[in-house]
Amino acid sequence: MTKKEFNKIKNGMSYKSVKKIVGDKGELISEVGQKGDPYYTYMIMYYGKDGISNANFTFQGG
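What you see is a predicted model, and the numbers here were worked out from it, not measured in a lab. Within each chain, residue numbers correspond to sequence positions counted from 1 in written order. For this predicted model, a pLDDT threshold of at least 70 governs which residues receive local features, and a threshold of 80 or more governs which side-chain atom pairs are given and counted, while totals over whole chains, interfaces and linings are taken from all residues. The basis for every side-chain value is the complete set of heavy atoms in the structure, and neither hydrogens nor water enter the calculation.

Peer 1: Before we move on, can you summarise the sheet that holds strand β1 (residues 27-32) with the specific residues and values?
Peer 2: For two strands to pair, DSSP has to find at least two bridges joining them. Under the scheme used here, helices are H or I runs from DSSP no shorter than 4 residues and strands are E runs no shorter than 2 residues, and both carry numbers assigned from the N terminus. Across the sheet, which stays open at both edges, the 3 strands sit in the order β1-β2-β3 with antiparallel pairing between neighbours. Of all strands in the sheet, those bounded by a partner on one side alone are β1 and β3 (54-60). With strand direction ignored, the average angle separating the axes of adjacent strands in the sheet is 20 degrees. Relative to strand β2 (residues 41-47), β1 is paired through 5 bridges, and the arrangement is antiparallel. Within β2, the residue paired with S30 across the bridge is M43. All axes here are fitted lines through C-alpha atoms, helices being fitted over the stretch that makes contact, and every angle between N-to-C directions spans 0 to 180 degrees.

Peer 1: Describe the packing of aromatic side chains, naming the residues involved and giving the relevant values.
Peer 2: To pair, rings of Phe, Tyr and Trp, with the six-membered ring standing in for Trp, must have centres within 6.5 Å; the planes then decide the type, stacked if under 30 degrees apart, edge-to-face if over 60, and tilted in the middle. For the structure on display, the rule yields 6 aromatic pairs. The interplanar angle of 70 degrees and the centroid separation of 5.5 Å between the aromatic rings of Y15 and F59 together place this pair among those described as edge-to-face. With Y15 in helix α2 (residues 15-22) and F59 in strand β3, the pair connects residues that are 44 residues apart, well separated along the chain. Of the two residues examined, Y15 and F59, each falls in the buried class. Ring-pair connections join several aromatic residues into one group, and the members of that group are Y15, Y40, Y42 and F59. Think of it in three bands: with a 1.4 Å probe and only protein chains considered, a residue is buried below 20% of the maximum accessible area for its type, exposed above 50%, and partly exposed in between.

Peer 1: Any chance you could break down the nonpolar core for me, citing the residues and the numbers?
Peer 2: By nonpolar core we mean a set of buried residues, namely Ala, Val, Leu, Ile, Met, Phe, Trp, Tyr and Cys, connected to one another through side-chain atoms within 4.5 Å. Membership of the largest hydrophobic core is limited to 12 residues, which are M1, I9, Y15, V18, V22, Y40, Y42, I44, Y46, A55, F57 and F59. Going through the elements one at a time, α2, β2 and β3 are the ones with two or more residues in this core.

Peer 1: Give me the lowdown on a positive patch on the surface, citing residues and values where you can.
Peer 2: The patches described consist of residues with a relative accessible area above 30% and no salt bridge, like charges being joined within 9 Å and nonpolar side chains (Val, Leu, Ile, Met, Phe, Trp, Tyr) within 5 Å. Each accessible area is a Shrake-Rupley result for a 1.4 Å probe, and residues are judged covered by the shown protein chains and nothing else. Note on definitions: salt bridges are taken to be side-chain nitrogens of Lys or Arg within 4 Å of carboxyl oxygens of Asp or Glu. Charged residues are defined narrowly, with Lys and Arg counted positive, Asp and Glu counted negative, and His plus the chain ends left uncounted. Taken as the charge centre is NZ of Lys, CZ of Arg, CG of Asp or CD of Glu, depending on the residue. A cluster of like positive charges, contributed by K16, K19, K20 and K25, occupies part of the molecular surface. By relative accessible area, which is 58% here, K25 ends up exposed.

Printed below as a string of structure tokens:
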């Protein structure tokens, strides 16, 4: 993930939208509940292109 890609991501975006911006699915690092449940929550981590930084995003209900 680049800083430019990161800056395009806004609160309320879906995982599908974030994945489209970054061009990668990221790494699932946490999940609670079951898929399909309205409160299913999961966290995706993206690594920075510099190999040092990372960004974590939490999604709930799609």
